[in-house]
Amino acid sequence: MPEATMPGPISDLSAVRESVCIHTKKIFDSCRDKDCVEDLRFYPTTAANELLCSSQMIKGGSAELLYVYTDVEPVTFNRGFYSVDMRFFYRVTLQVFTGTPRYTEAEGLCVFDKRCILFGSEGNAKIFSSDTVIDELDVPARMRTNLPTAVVSAVDPIVLDTRIADGCQPCCREAGLTEIPSFIAQAFSQDLVFCDNNCRRYYVTLGQFSLVRLERDTQLLVPVYDYCIPQAECTGGDQEDPCGLFRNVGFPVGEFFPPNTVEMPSDYVSTRNYCACH
């Protein structure tokens, strides 16, 4: 039996057995962004709002990306191009100091809107399909439009800065956020405060990395080497004992001997940890 071909670069094309037609999603266009989003309005929870009213200082904490809503629309007079509108929903946790040495965490919502234009080609076919249902009749799926599908990949943002704006104009007069999806509201333990009589407003600056692409269902002719058979064995669910895990951890020499210089972070992980601690 010939040796199985593993996924990866191929130097010998003589191992190709046949050409097959597959149905998959083809990426027509994509982009990446590094957004520094300044002064996003911070909408606190009820408890966080009471805490912020008595705050003396606020520092940046952490942020979690909850959901990205996407909408795709054709660009007028530019065939094959589409606008991708995105709305990012964040759960932001700030470090609030009220006169005691230790901070208290205040949780709230931030929302970021973004748009990009990508090429997604054209398609006029009406698409129908059937969903298989076990022990029942197959259910035909509803016809769907032939717009490309937008896919957004993003990591949790970095909290870069926070600030307080003093002003006694009621916030209801601002063109702010008034409604959010129910599942976003359920991600918080308490109700969010969108409008109150507090003269303070809170703003957060976030650093966001994201990838956006447009893709379509299509049929491609690809070479086939063999069936993709897993080579690794399935491991059991037994966990290694705690002491065995500890023995594999290297001795943290740097924790006992301070470095002569301190370098500023340069990658995503170290920058996120640095901003969360300062």
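Residues numbered from 1 in each chain as written. Predicted model: local features only at pLDDT ≥ 70, side-chain atom pairs only at ≥ 80, totals over all residues. Heavy atoms only, no water.

Engineer: Just to check I follow, could you spell out unusual backbone geometry for this structure?
Structural biologist: Note: most residues except glycine have negative phi, and most peptide bonds are trans. In this model, F77 sits at a positive phi of 65°, which is unusual for a non-glycine residue. Along the chain, F77 turns up in the loop between β3 (57-74) and β4 (81-97). With phi around 65°, S121 is a residue other than glycine that occupies positive phi space. Mapped onto the secondary structure, S121 falls in the loop between β5 (104-119) and β6 (130-131). The exposure class of S121 is buried, given its relative accessible area of 19%. (Helix = DSSP H or I, 4+ residues; strand = E, 2+ residues; numbered from the N terminus. Buried < 20%, exposed > 50% of the residue type's maximum accessible area, 1.4 Å probe, protein only.)

Engineer: How should the sheet that holds β4 be read in this particular structure?
Structural biologist: Hydrogen bonding along the main chain pairs the strands of a sheet, whether they run parallel or antiparallel. Pairing in this open sheet of 4 strands is antiparallel, and the strands run β2-β5-β4-β3 from one edge to the other. If you trace the sheet from one side to the other, it starts and ends with β2 (43-44) and β3, each paired once. Two elements, β4 and β5, share 16 bridges in a ladder whose sense is antiparallel. Residue pairing in the sheet places V96 in a bridge with T104 of β5. (Pairing = 2+ DSSP bridges.)

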